Amino acid sequence: MKGVNMGLLEGRTSIITGAAQGIGFAIAEVFAGEGSRVVIGDLDASAADRASKMIGGSTIGVRCDVADAGDIDALITTAIASFGSVDVLVNNAGITRDATMRKMTEAQFDDVISVHLKGTWLGTRAASAVMRDQDSGGSIINMSSISGKVGLLGQTNYSAAKAGIVGLTKAAAKEVGFAGVRVNAIQPGLIRTPMTEGMRDDILAARLAEIPLGRVGDPSEVAQVALFLASDMSSYMTGAVLEVTGGRHM
Ligand code: NAP
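Not measured: the values here are computed from a predicted model.

Conventions used here
- Residues numbered from 1 in each chain as written.
- Predicted model: local features only at pLDDT ≥ 70, side-chain atom pairs only at ≥ 80, totals over all residues.
- Heavy atoms only, no water.
- Helix = DSSP H or I, 4+ residues; strand = E, 2+ residues; numbered from the N terminus.
- Rg over C-alpha atoms; globule rule 2.2 N^0.38 Å.
- Buried < 20%, exposed > 50% of the residue type's maximum accessible area, 1.4 Å probe, protein only.
- Contact = heavy atoms within 4.5 Å.
- Lys, Arg positive; Asp, Glu negative; His and termini not counted.
- Charge placed at Lys NZ, Arg CZ, Asp CG, Glu CD.
- Axes fitted to C-alpha atoms, helices over the stretch in contact; angles between N-to-C directions.
- Left-handed = near helix turned anticlockwise from the far one by under 90°.
- Nonpolar A, V, L, I, M, F, W, Y, C, P; charged D, E, K, R; others polar.
- Expected span 1.5 Å × (residues − 1).
- UniProt positions renumbered as here; feature names shortened; annotations may be inferred.
- Polar contact = N/O pair within 3.5 Å; in protein donor to acceptor, adjacent residues only side chain to side chain.
- Near = heavy atom within 4 Å.
- Salt bridge = Lys/Arg side-chain N within 4 Å of Asp/Glu carboxyl O.

Counting its secondary structure elements, the protein chain contains 9 helices and 7 strands. Rg of the C-alpha trace for the protein chain: 17 Å, near the compact-globule value of 18 Å for 250 residues, within the 12% margin. Seen through its C-alpha atoms, the protein chain measures out along the principal axes to roughly 50 × 35 × 35 Å. Per-residue burial for the protein chain yields a buried fraction of 51% across its 250 residues. Long-range pairs, those at least 24 residues apart, make up 70% of the contacts in the protein chain between residues at least 6 apart in sequence. In the protein chain, 22 positive and 26 negative side-chain charges are present, and the distance between their average locations comes to 4 Å.

This paragraph deals with the packing of helix 3 (residues 69-83) against helix 4 (residues 106-133). Here helix 3 crosses helix 4 at 35 degrees, and the two axes come no closer than 9 Å. Here the hand of the crossing between helix 3 and helix 4 comes out right-handed. Residues Ala69, Ile72, Asp73, Ile76 and Ile80 of helix 3 lie in contact with helix 4, whose contacting residues are Leu122, Gly123, Ala126, Ala127 and Val130. Its residues assigned to classes, the contact of helix 3 with helix 4 shows 8 nonpolar, 1 polar and 1 charged.

Here we come to helix 6 (residues 156-176). The end-to-end C-alpha separation of helix 6 is 30 Å, in line with the 30 Å expected for 21 residues at 1.5 Å each. Along helix 6, the residues classified as buried are Asn157, Tyr158, Ser159, Ala161, Lys162, Ile165, Val166, Leu168, Thr169, Ala172, Ala173 and Val176. As for helix 6, its buried residues are in contact with helix 4, strand 5 (138-143), helix 5 (147-150), strand 6 (181-188), helix 7 (194-197) and strand 7 (241-244).

Given a rise of 1.5 Å per residue, 12 residues ought to cover 16 Å, and the 16 Å separating the end C-alpha atoms of helix 9 (residues 219-230) matches this to within 8%. Within helix 9 the residues assigned to the buried category are Pro219, Ser220, Val222, Ala223, Gln224, Val225, Ala226, Leu227, Leu229 and Ala230. Next to the buried residues of helix 9 lie helix 1 (22-33), strand 4 (88-91), strand 5, strand 6 and strand 7.

Below, the discussion takes up the UniProt feature "domain: Ketoreductase" (unreviewed entry) in the protein chain. Feature annotation in UniProt assigns "domain: Ketoreductase" (unreviewed entry) to the following positions: residues 12-194. For the annotated span residues 12-194, helix accounts for 50% and strand for 19% of the residues, and the straight-line distance between the end C-alpha atoms is 29 Å.

With that settled, consider the environment of threonine 124. The topology assignment puts threonine 124 in helix 4. On the basis of relative accessibility, which here comes to 5%, the residue threonine 124 falls in the buried class. C-alpha separation for the pair threonine 124 and alanine 173, spaced 49 residues apart in sequence, amounts to 10.0 Å. Leaving out residues up to four positions away in the same chain, threonine 124 has contacts with Leu89, Asn91, Ile140, Asn142, Leu168 and Ala172. Among the polar contacts listed, one links the side chain of threonine 124 to the backbone oxygen of threonine 120, at a separation of 2.7 Å.

By nearness alone, 28 residues border the ligand, and Ile23, Asp42, Asn92, Tyr158 and Thr193 come closest of all. Between a nitrogen atom of the ligand and a side-chain N or O atom of aspartate 65, the distance comes to 2.9 Å. Contact between the ligand and valine 66: a nitrogen atom at 3.0 Å from a main-chain N or O atom of the residue. Per element, the largest residue contribution to the shell around the ligand is 3 residues, and it comes from helix 7.

With that settled, consider the pattern of salt bridges. Should their charged atoms come close, side chains of opposite charge can pair. A complete count under the given rule lists 7 salt bridges for this structure. In this structure, arginine 248 and glutamate 210 form a salt bridge, with 2.8 Å as the shortest nitrogen-oxygen distance. Here the residue arginine 248 occupies a position in the segment after strand 7, and glutamate 210 occupies one in the loop between helix 8 (201-209) and helix 9, the gap between them amounting to 38 residues. On the basis of relative accessibility, which here comes to 3%, the residue arginine 248 falls in the buried class. According to the relative accessible area criterion, glutamate 210 is partly exposed, its value standing at 39%.

Quick look at the structure:
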């Protein structure tokens with residue numbers, strides 16, 4: 001399913017980071033289907049460009065490292081120059097560097113904190129500054145993870161970053177709510193994407209046993225929730241954290 005195609009984002013501009021593939025790509029597809037102009041920000045310029053061409057319409061791809069303040073500023077500037085506004089930002093880009101603490105290097109810890117936590121902070125800061133100056137407010141959606149709620153073995157870096165994103169989301173929501181800028185978070189569970197494709201069979205079976213709905217989620221099922229948070233359907237929601245997990249770790 002690519003959205004409900006009701007024009008819920010008609011006339012708006014959405015930036016989605018890490019949207020060359022996976023959950024971000026699914027969000028870009030659904031938002032475009034709802035009438036949004038879409039800016040795909042991703043590390044690899046050609047992958048971002050390819051993704052934008054697959055979606056078509058008013059969609060562009062921009063190379064951007066979310067951990068770099070200059071790249072984030074350029075991403076926002078490009079969106080405004082191309083489409084005239086920034087109405088929605090989804091801070092979705094992410095990496096994993098899983099290892100137990102005995103084996104995790106300082107670089108693996110720093111990289112994950114930098115992309116997820118600092119990247120989300122840079123994006124939230126830059127987009128909210130623009131949205132505050134627009135009369136129409138805006139919606140910022142931060143991709144956390146159920147790993148940030150419960151803590152997962154081998155993910156001390158990732159769980160810390162994803163829990164940090166929840167605190168960041170709530171603090172930012174309090175700062176910019178007066179200007180009609182809403183900031184919410186999503187905590188996906190196990191979703192079928194390139195990030196999770198390589199999972200060992202025994203680990204996958206153990207994870208499935210924890211999921212009441214008994215299956216892995218599809219990226220489109222996260223995208224539908226992102227659409228809800230991006231659109232006026234959630235106009236009285238800010239600082240909320242929505243779990244999309246099939247009931248895992250409820
Ligand atoms: P994915 O398939 O690996 O896609 C992530 C995208 O982000 C890739 O295109 C990646 O580019 C890009 N990226 C990585 N570092 C970046 C950076 N510094 N700047 C800009 N783009 C960058 O991952 P996904 O599964 O769709 O995950 C999307 C988000 O959902 C992440 O925040 C992830 O933590 C979260 N999440 C996923 C799951 C799941 O089960 N899949 C569960 C909970 C939360 P490269 O490929 O070039 O690295």
